[in-house]
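Results of the structural survey
Spelled out, the chains give:
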Amino acid sequence: LKAENAALRSRIGELRELSEAQAEMMRKLERKLEENKLKEEKEAQDLEAMVQHVEQNLQLMTKRALKAESNVTKLKQENALLQVQLKNCEMENEALRSGQCASLAAVKQNAATAVQNLLTVIASSRSSIKQLISGAESLQLVADLLQSIDRISEASEDGR
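Residues numbered from 1 in each chain as written. Predicted model: local features only at pLDDT ≥ 70, side-chain atom pairs only at ≥ 80, totals over all residues. Heavy atoms only, no water.

1. Here's the deal with the overall build of the protein chain
Note the following rule: Each helix is a run of H or I in the DSSP string that is no shorter than four residues. Each strand is a run of E no shorter than two, and both are numbered from the N terminus. All radius of gyration figures rest on C-alpha atoms, and the globule criterion is 2.2 Å times the number of residues raised to 0.38. Classification of residues uses two cut-offs on accessible area relative to the type maximum, computed with a 1.4 Å probe and protein chains only: under 20% is buried, over 50% is exposed, and between them is partly exposed. Each accessible area value is a Shrake-Rupley result obtained with a 1.4 Å probe; residue values ignore everything except the protein chains displayed when judging cover. By the counting scheme adopted, Arg and Lys are positive, Glu and Asp are negative, and His together with the chain ends is not counted. Charged side chains are reduced to one point each, which is NZ for Lys, CZ for Arg, CG for Asp and CD for Glu.
Secondary structure summary: the protein chain contains one helix and zero strands in total. Here the C-alpha atoms of the protein chain give a radius of gyration of 63 Å, more than 25% beyond the 15 Å that 2.2 N^0.38 yields for 160 residues. Principal-axis analysis of the C-alpha atoms places the extent of the protein chain at approximately 210 × 50 × 15 Å. By the burial criterion, 0% of the 160 residues in the protein chain qualify as buried. Accessible surface, the protein chain as shown: approximately 14,900 Å² in total, 59% of it carbon and sulfur. Separation between the mean location of the 23 positive side-chain charges and that of the 25 negative ones in the protein chain comes to 9 Å.

Printed below as a string of structure tokens:
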């Protein structure tokens, strides 16, 4: 009985040591578990912050994309309008070119008529100028005669 008692006490001592070792191991594991929980909580907070940051970036990129799409639509409309204006300008240009040919022919015709009229006026002017010169010469002759008569009458008055 004493031997069995001693064996049981020894066994109890071993079990106590084993129990204390297991209790120590349990405390270590609990501390480690607590550390892991804290670490996981921090990682979860960091991950949550990262997710929020990514969501903010995603919202910002979405706004930028919508703005870019709006700009693209606006630029497409502006481009279409400019294409229409270009077509209109090209048609107007073509019309002006074809009209310019007709205008050029009309201008040439008008210029030819003007040249004919000028030549007629020049010929008429030459004739008129010749008549004026002739008339001026005649007037000069008359003036000379009148001066001569005036001198003669002065000489007659002096000789009386």
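2. Re the UniProt feature "coiled-coil region" (unreviewed entry) in the protein chain
Applicable threshold: UniProt positions are given in the numbering used here, feature names are shortened, and annotations may be inferred rather than shown by experiment.
Summarizing the sequence annotation, UniProt attributes the feature "coiled-coil region" (unreviewed entry) to residues 12-92 in the numbering used throughout. Taken end to end, residues 12-92 is 100% helix and 0% strand, and its two terminal C-alpha atoms sit 114 Å from one another.

3. Examining the pattern of salt bridges
Inclusion rule: In what follows, salt bridge is the name for a side-chain nitrogen of Lys or Arg lying within 4 Å of a carboxyl oxygen of Asp or Glu.
With the rule as written, the count across this model stands at four salt bridges. Close ionic contact of arginine 27 with glutamate 24 constitutes a salt bridge, the shortest N to O distance being 2.8 Å. Placement of the pair is arginine 27 and glutamate 24 together in helix α1 (residues 2-159), with a separation of three residues, close to one helical turn. The partner of glutamate 24 in a salt bridge is arginine 31, and the shortest N-O contact between them spans 3.9 Å. Accessibility expressed as a relative area gives 31% for glutamate 24, which makes it partly exposed. For arginine 31, a relative accessible area of 44% translates into the label partly exposed. When salt bridges that share partners are traced, they join Glu24, Arg27 and Arg31 into one network.

4. Side note on a nonpolar patch on the surface
Put simply, the rule is: Each patch is assembled from residues with relative accessible area greater than 30% and no salt bridge, linking like charges that lie within 9 Å and nonpolar side chains (Val, Leu, Ile, Met, Phe, Trp, Tyr) that lie within 5 Å.
Together, Leu47, Met50, Val51 and Val54 make up an exposed nonpolar region whose accessible area comes to about 360 Å². Note on placement: valine 54 falls in helix α1.

5. Things to note about the environment of asparagine 117
The residue asparagine 117 is located in helix α1 in this model. For the pair asparagine 117 and serine 98, spaced 19 residues apart in the sequence, the C-alpha separation amounts to 29 Å.

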